[in-house]
Each structure stands twice: as C-alpha cells, then as structure tokens.
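Inside the fold
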Amino acid sequence: MLYIHIPYCHQKCTYCAFYSLPTRQSRQPYIDALCLELASRRSEQHHPIRTIYFGGGTPSILAIDQLQQIITTLQRHYDTSALQEATLEANPEDLTPSTLSQLADLKFFNRLSIGIQSFNNSDLRMLNRHHTGDQAISAVLAAHQAGFRNISIDLMYGLPDETPERWQQDLDKALSLHVPHISAYHLSYEEGTPLWQMRQRGEVREADENDSVAYFRMLRRALLDAGYIHYEISNFALPGHQAIHNSSYWSGEPYLGIGPGAHSYDGTNRCWNKPDLLGYLKGDSIIEEETLTDDERYDEYIMTRLRTARGIDFDEIARLFGEEKKRYCSRRAQPHIKSHRLHVTPDGRLALTEEGIFVSDGIIADLFSE
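Scoring rules and cut-offs
- Residues numbered from 1 in each chain as written.
- Predicted model: local features only at pLDDT ≥ 70, side-chain atom pairs only at ≥ 80, totals over all residues.
- Heavy atoms only, no water.
- Helix = DSSP H or I, 4+ residues; strand = E, 2+ residues; numbered from the N terminus.
- Rg over C-alpha atoms; globule rule 2.2 N^0.38 Å.
- Buried < 20%, exposed > 50% of the residue type's maximum accessible area, 1.4 Å probe, protein only.
- Contact = heavy atoms within 4.5 Å.
- Areas by Shrake-Rupley, 256 points an atom, 1.4 Å probe, with all protein chains shown as cover.
- Lys, Arg positive; Asp, Glu negative; His and termini not counted.
- Charge placed at Lys NZ, Arg CZ, Asp CG, Glu CD.
- Axes fitted to C-alpha atoms, helices over the stretch in contact; angles between N-to-C directions.
- Parallel < 35°, antiparallel > 145°, perpendicular 65-115°, else oblique.
- Left-handed = near helix turned anticlockwise from the far one by under 90°.
- Nonpolar A, V, L, I, M, F, W, Y, C, P; charged D, E, K, R; others polar.
- Pairing = 2+ DSSP bridges.
- Right-handed = clockwise from strand over helix to strand, strands pointing away.

Description of the overall build of the protein
Check the secondary structure of the protein and you find 15 helices and 17 strands. For 370 residues, the compact-globule formula gives about 21 Å, and the C-alpha radius of gyration of the protein, at 21 Å, lands near that figure. Over its C-alpha atoms, taken along the principal directions, the protein stretches across nearly 55 × 50 × 40 Å. Taken across its 370 residues, the protein has 51% of its residues classed as buried. For the protein, the proportion of contacts with a sequence separation of at least 24, taken over those separated by at least 6, is 68%. A total of about 17,000 Å² of accessible surface is found on the protein, and carbon and sulfur atoms cover 49% of it. Seen as two clouds, the 36 positive and the 50 negative side-chain charges of the protein have centres 2 Å apart.

Written out as structure tokens, the structure reads:
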C-alpha cells in the first residue's frame, strides 16, 4: 500500500483539519521533492504494491504532466506489477471532460474518489466548497463518459440547518448517478477549523444527536434498498466495489506514506513526515517515529476492525495478543451485547449492530486496554 499526499487546494474547506494549503504558487518544486522522497524510500516497500492512493488536499489540482512525473517515478522505483487499485481524489470543479480524457489516457488511475459533500448550493457555500451542485453532477457524468467505472463519491450529513427533505434530495441525486461506491460522513467540528470557530461565535448550530441518528437511518435505508453493502461505518459499495486501499487500512496491513504529514506503518512502528511544506521543499523534512506497545497494537486492532461489517475475530485476538486479551475483550463487550449495540455473528465474530454504529466511538473506547 502506498499513499501519496498532495497538500494543495483551491481553497480551504471550513471543516477541514487535514494538512493542506490553499495556494496558487508553483507546485512544481513540490512534485520534484515528492519524487525525490519516493526514490529515497524505495527500500521501505518490501512487496509489490497492490494499491496506490493519491490523497490530499486535492490531487486533481495537479497538471497532467505533474501526475505523469509522479507515476513515472513510481514505476521506475517500485514494483507495480501486482497493482489492483490506483485512486485519485478529485473535486468536481477539476473534472472537466478534457481533464478526464487526459486522466484516462494516463492508463494508470482506475478509481476516482470525488468529493461532492452536498448537492445543495447553500450548504456548499457554508462548507466553502469550490463547486456547485450542478458541477458535481456534471463531473460524475463526465467521468462515466470518459470510461471510469470505479467511481466513489463523498457526502456529508448532519449539516447546520439540514432538514430530512434536503438530505433525502442529496441521497436521491447521489443514487441517480449510479456510482458503485458512496462514502458518507457526519459533519464534525474539529478544534481550530473555521467551522469550529463559526460554531463558537454562534454563526452555525450543530445538528442534535436525534436528528443525526435519523439522517444516518435514512442513509442506510436508501443505500441498502438500492443494493449497496454497508461494509464499513462510513462506506457503502455495490458488490465487488469495496475500496481495496481503505479496506487494507482497516485490516492492519503495512503502508508507506509519502509527502508532508503522511504516515507510514510497518506492523509495529509508525512514522510520519512533519506537516511542514517549507521544510519539505528544503529537503529537511523531519520524520518522527514511534514503536507501538502491545496494548497500543491491540487498541488499534479494536478501532480498525470494529469499524467494518466483518468485525472482530476473537481467535485472531488470541493469536496476536494472547488468550487473556481475548477474555478481556469478550468481558468488556458483554454490556454492549446485552444492549443490542454489539452482536456475535454466526461465524463467531463481534460486530456492531445498526444501533451501535452511531455510538461506535464509545463502544470502541470501552473495549480498549485499561
């Protein structure tokens, strides 16, 4: 697994806490620095790459020749013979028919992840998105026309002043686009973001929990009725279209992250580049590292596996962390099983119920090490 971070955006969304910068300065120095890091860290990738994910920021902001430079560097220094999925995150305003045709001509990306968030223009303005609802629809249709079949779109719910009618309209429009994958996230107010500051000033009102649960139920009902599988808390896919890259994160596979702020994991150690673009461009980006304890690895196992429909494998816990940890997890799960927020699947795994999905953070925390 390889993650490549592109930290540039047209403008910063009000909710975004990721490391990204709205800038119109030349991006070529960054591409050159990124390719140097790719070449220098080849020895950390011990197996043929199965998935590559260009995230950000907004990777679709790059020129085609800049994307080609990264791809050429990848193919020169890494074994891509087993590549199954190459994803490009994109915003609708970048996906013109001409750009999509050029992306298709690269013959590299076989998956697009398009950040739509909402089809409602007033919501998009509040989120400081750079596109309109009509642009979002046009971008997806153009992607289909250009030959992209594996398309994912992002939606958000629980927005300020949202109503069931407006959320249903977003769901109806999303389903009318016939994309095989939909990610839907509840709007969060991360400290330090413009949205968090807007709430502090009383300019927006956060959706209350009852409304949020109702929107989540609408989401599940609409997508399940349309044939999608709810395979991870925030992700729905038509059969055979689950995201391979993100699923690998949730199953604990090692990954290599390239770019400022990008994280890497080898199964025991985690390291990350300092989120410092200027330092990165100077070649003195600092890589920080931590070695996870057994308890931390167990906690991470709980956090990632319980997000998925497959859930937790008790036998795997025993194999990885010992019988005592298996008994501990089973004991801590009992109150949530009794309250019907967790259930044991027919094959003996522990998974969230629909009731438990929306309060999953608290359930996961209860199963963590003491």
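The rest of the description comes next.
Side note on the packing of helix 2 (residues 64-77) against helix 3 (residues 97-106)
Where helix 2 contacts helix 3, the two axes come as close as 11 Å, and the packing angle between them is 20 degrees. When the axis of helix 2 is compared with that of helix 3, the two are roughly parallel. Regarding helix 2 and helix 3, the two cross each other, and that crossing is right-handed. Residues I64, L67, Q68 and I71 of helix 2 lie in contact with helix 3, whose contacting residues are T99, Q102, L103 and L106. Split into classes, the residues belonging to the contact of helix 2 with helix 3 amount to five nonpolar, three polar and no charged.

Some words on the pairing of strand 5 (residues 85-90)
For strand 5, the tally of buried residues reaches five of six residues, placing the bulk of the element in the interior. As paired strands, strand 5 and strand 6 (residues 111-117) are joined by four bridges and run parallel to one another. The partner of T87 across the bridge, within strand 6, is R111. Taken together, strand 5, helix 3 and strand 6 form a β-α-β motif whose crossover is right-handed.

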